[in-house]
Amino acid sequence: MCGLLLFQHYYQNKLKLAIIGQSLFGQEVYSNLRKQGHKVVGVFTVPDKDGKADPLAVAAEKDGTPVFKFPRWRVKGKPIPEVVEAYKAVGAELNVMPFCSQFIPMNIIDNPKHGSIIYHPSILPLHRGASAINWTLIHGDKKAGFTVFWADDGLDTGPILLQRECAVEPNDTVDALYNRFLFPEGIKAMVESVQLIADGKAPRIPQTEEGASYEGIQKKSNAKVNLAQPAEAIHNWIRGHDKVPGAWTVIDGQVRFLELTSRENTHSRGAVPAGQALEIDGLSQPGLVTKNGLVLHGTDGKTLLVKNLQFEDGKMIPASKYFSSGESTSVELTDDEKKMAEEIRNIWKGILSNVSAIEDTTDFFKSGAASMDVVRLVEEVKQKCAGVQLQNEDVYMSPSFQDFIQMFVRKLRGEDQEEELVIDYVSLKVNNMTLKMPYQCFINGKFEDAESGKSYDTINPTDGSVICKVSYASVGDVDRAVAAAKEAYDNGPWGRMNPRDRGSLLYKLADLMEEHQEELATIESIDSGAVYTLALKTHVGMSIQTFRYFAGWCDKIQGKTIPINQARPNRNLTFTKKEPLGVCAIVIPWNYPLMMLAWKSAACLAAGNTLVLKPAQVTPLTALKFAELSVKAGIPKGVINILPGSGGMVGQRLSDHPDIRKLGFTGSTPIGKQIMKSCALSNLKKVSLELGGKSPLIIFSDCDMDKAVRMGMSSVYFNKGENCIAAGRLFVEESIHDEFIGRVVEEIKKMKIGDPLDRSTDHGPQNHKAHLDKLLEYCDVGVKEGATLVYGGRQVDRPGYFMEPTVFTDVADHMFIAKEESFGPVMVVSKFKNGDVDGVLQRANDTEYGLASGVFTRDINKAMYVSERLEAGTVFVNTYNKTDVASPFGGFKQSGFGKDLGEDALLEYLKTKAVTVEY
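About the cut-offs
Residues numbered from 1 in each chain as written. Predicted model: local features only at pLDDT ≥ 70, side-chain atom pairs only at ≥ 80, totals over all residues. Heavy atoms only, no water. UniProt positions renumbered as here; feature names shortened; annotations may be inferred. Helix = DSSP H or I, 4+ residues; strand = E, 2+ residues; numbered from the N terminus. Buried < 20%, exposed > 50% of the residue type's maximum accessible area, 1.4 Å probe, protein only. Contact = heavy atoms within 4.5 Å. Polar contact = N/O pair within 3.5 Å; in protein donor to acceptor, adjacent residues only side chain to side chain. Expected span 1.5 Å × (residues − 1). Salt bridge = Lys/Arg side-chain N within 4 Å of Asp/Glu carboxyl O.

An unreviewed UniProt entry lists the protein chain under the name 10-formyltetrahydrofolate dehydrogenase, with Seriola lalandi dorsalis given as the organism. Looking at the protein chain in UniProt, the text filed under Catalytic activity (unreviewed entry) is "(6R)-10-formyltetrahydrofolate + NADP(+) + H2O = (6S)-5,6,7,8-tetrahydrofolate + CO2 + NADPH + H(+)".

Listed below in structure tokens is the structure:
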């Protein structure tokens, strides 16, 4: 019955559609509408060009949908009767025009029962006309978007049905904006619009003329860039033209025409690097050809960077190679390479079907190839020659067949290796050493500024001073990092690597971390406030152990053989395989920046995945240093990507991204719930969550008092209380309560609070000011509710974010501090009646959290009884904070699910495939 209801729903409120348009966008709209159950009764598209059909026509013909390829719909302004008759014969109820370059007569537009809807890539009434995306960027608009509107007899003036918008990133190009938002979201919007019409719910909102604008079509003749402008205006002009028609100017007086590609234009910051001067018409001072590209100066003194230059004949070169573009020499091909070259020649022939023979001098673009042909060429060559890393840009830079083969062979031989890693360090003399710290985003094996050019200050909590500025990643950076990780997983060496070799690389990474452990511990100390000795032993030490542990697992991941019932006379073999998930996202907190990175990423990498990791915004520096060490260890590019920035932007995009298959998160419960929701709504990605806690520690009167005091203090004050499993509430048996509190206070008074780099310091600063303020407020609430403040509760009178170790007693079960986590050095103590084991268990479990717990008693029977009944992922008996890389770690209830560490952690990053073979 359920299937029948679904079947009936599938065919409710569906329309007969005519698709009028062209391009890959039109093809996707067509395919998605058919998937939704609408009937496409006719596709009207453009004639074949050079013997090749439009993508929309290809898809429709494959499906058996009637396809009409009219070169025109009217002559001398009047509809062609034969064309109109052919159109009316299909009986469409709605015309859908996803992208149409032809002029459609009004008797076609108005013919269907529901009329016609059109997609336009701007927020109408802004930028009416054929070059809307270009003008959005040229004008420097902060928002872009698209409109689905009802067609009328004006130019993009019909009533609005639906609009969507997105932010324009400072370095967006036409391609970037189209591929990131206008294309994928536009397809969804067209499908949604059709369904709204089918359901009778589609609005018709008249367009206002207020703010309306119309700009003409951008052609090569009017695309010359005016260089006598501020840098941002030049930048906007170039990126608004992309490759077609391409902004152009005259350079060096020798080349009359040159296209400037803006794919990676960025405003530079700081001093302009050294370079070779290049005279450019209209520029007040020469451009500079640097190792990064061509630097141009605006009239406002600011600069921008042009990465690629394209000549009139279509040849593209890196701008950095302008003065050496003609120096490359040909390589002699081996016999095997010659065979491969002939196979590639056949691929060219298949794409350029209009060319009789592919000669060495055949130019890909002059032979009629378009951008989709570039994608096809790259993918076909990669499929034929696995392991060769080709990009679309390689085709533009090697457009002739001979140049393409030369480029291909160099890549095949590894002669086109990446340049040595370039790092623009921040240097700092501290702790008797000079720290060299990367501060930029790490994407696809390179450190680079955020796409937006934005940065933020990371603060030393010891004195509140700025350590350095760190790149502030944007949504565009996330998309590029995910694309790099996906490419590395799908086509890079990581996915094909022998597991034992993968383990060797992780061992090497652990060795490098050990070699740099003092540097890592110092960075951790100044960035997070961790006491140096603890950072060295735990933050860094356990991170090294974690990578070594999981490196050993790489070649031990295995499935099972499973006996199943045989279907005689056949025989069957069923077995399972454990396979990596693909691209994984990891979002980590600020309390143990490096250790939390290691706990999640080591298991993720050992399983064979690639990753994009977002460190906490306030503690990014050890993660970026780790990225540097990963390159030195030989981890292939794209396998590890690190994006500092905000959780609201970077974390949210990672949760939403359709190419990410797993997200591991450590942080607060409310954020964990939001992440889980986003992961479900996006693509049902796998999730593991290590969230908040209010871990109970029960101390019975028969405990070892010396140990209970020592471990009880450690359970609360370890790492300044910024500890996921910190004992959020201590239950002390009544008969020993006062003695326990007295001894704790005595020990607190002996603790040295101070500079975390001082080897004798016991207690360092809280991680950041906002957290310190929350802790002080937490203590104020405790006092107001009637708890007894025995010690502390105040900020230490010195620079930085230091808080006194604090003790509360007489804490009733209903109080805020009894229920909520402080995540700081606050001991919350409640008495329980002598001998009331079940009563204290009930109170200990009366929480929505279940991360960790503890019990101190000499009675082993009591210890086992209590440990069995405590509702927590970890139970410590006569110890606390004793975690090990081989033991699984994770919570119950609203403390999350999934495990870090141990074999269980590997399973979080693997999927099980069952295979049955009949023989």
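Right, picking up where we left off after that structure.
Participant: Describe in detail the UniProt feature "site: Essential for catalytic activity" (unreviewed entry) in the protein chain, supporting the description with residues and values.
Facilitator: UniProt records the feature "site: Essential for catalytic activity" (unreviewed entry) at Asp156, using the numbering of this structure. With respect to the element layout, Asp156 can be found in the loop between β8 (143-150) and β9 (160-167). Among the residues examined, Asp156 registers a relative accessible area of 11% and is labelled buried. Dropping the residues within four chain positions of it, Asp156 is found in contact with His120, Leu124, Arg128, Gly129, Phe149 and Gln207. From its side chain, Asp156 meets the backbone nitrogen of Gly129 in a polar contact 2.8 Å long.

Participant: Report on helix α19 (residues 593-606), specifying residues and quantitative values.
Facilitator: Between its first and last C-alpha, α19 extends 20 Å over 14 residues, near the 20 Å set by a 1.5 Å rise per residue. Most of α19 sits out of view: 14 of its 14 residues are buried. One or two positions beyond α19, positive phi appears at Gly608, with a value near 100 degrees.

Participant: Can you explain the UniProt feature "binding site: (6R)-10-formyltetrahydrofolate" (unreviewed entry) in the protein chain? Please cite residues and give values.
Facilitator: Annotation from UniProt places "binding site: (6R)-10-formyltetrahydrofolate" (unreviewed entry) at Gln102, Phe103, Ile104 and Asp156. Despite a sequence span of 55 residues, these residues sit close together in the fold, their greatest C-alpha distance being 13.9 Å. You can see Phe103 is positioned in the loop between β6 (94-97) and α5 (106-109). If near-sequence neighbours (up to four positions away) are discounted, Phe103 is found in contact with Trp73 and Arg74.

Participant: Tell me what's going on with the pattern of salt bridges, and back it up with residues and numbers.
Facilitator: Summed over all chains, the structure comprises 42 salt bridges. The closest approach of N and O atoms between Lys411 and Asp394, which form a salt bridge, is 3.7 Å. Placement of the pair is Lys411 in helix α13 (residues 401-413) and Asp394 in helix α12 (residues 392-397), with a sequence separation of 17 residues.

Participant: Any chance you could break down the environment of Cys468 for me, citing the residues and the numbers?
Facilitator: Secondary-structure assignment places Cys468 in strand β24 (residues 465-471). Judged by relative accessible area, Cys468 falls into the buried class, the value being 6%. The sequence separation of Cys468 and Asp457 amounts to eleven residues, and the corresponding C-alpha distance is 5.9 Å. Ignoring any residue separated from it by four or fewer positions in sequence, one finds Cys468 in contact with Val426, Tyr439, Tyr456, Asp457, Thr458 and Leu621.

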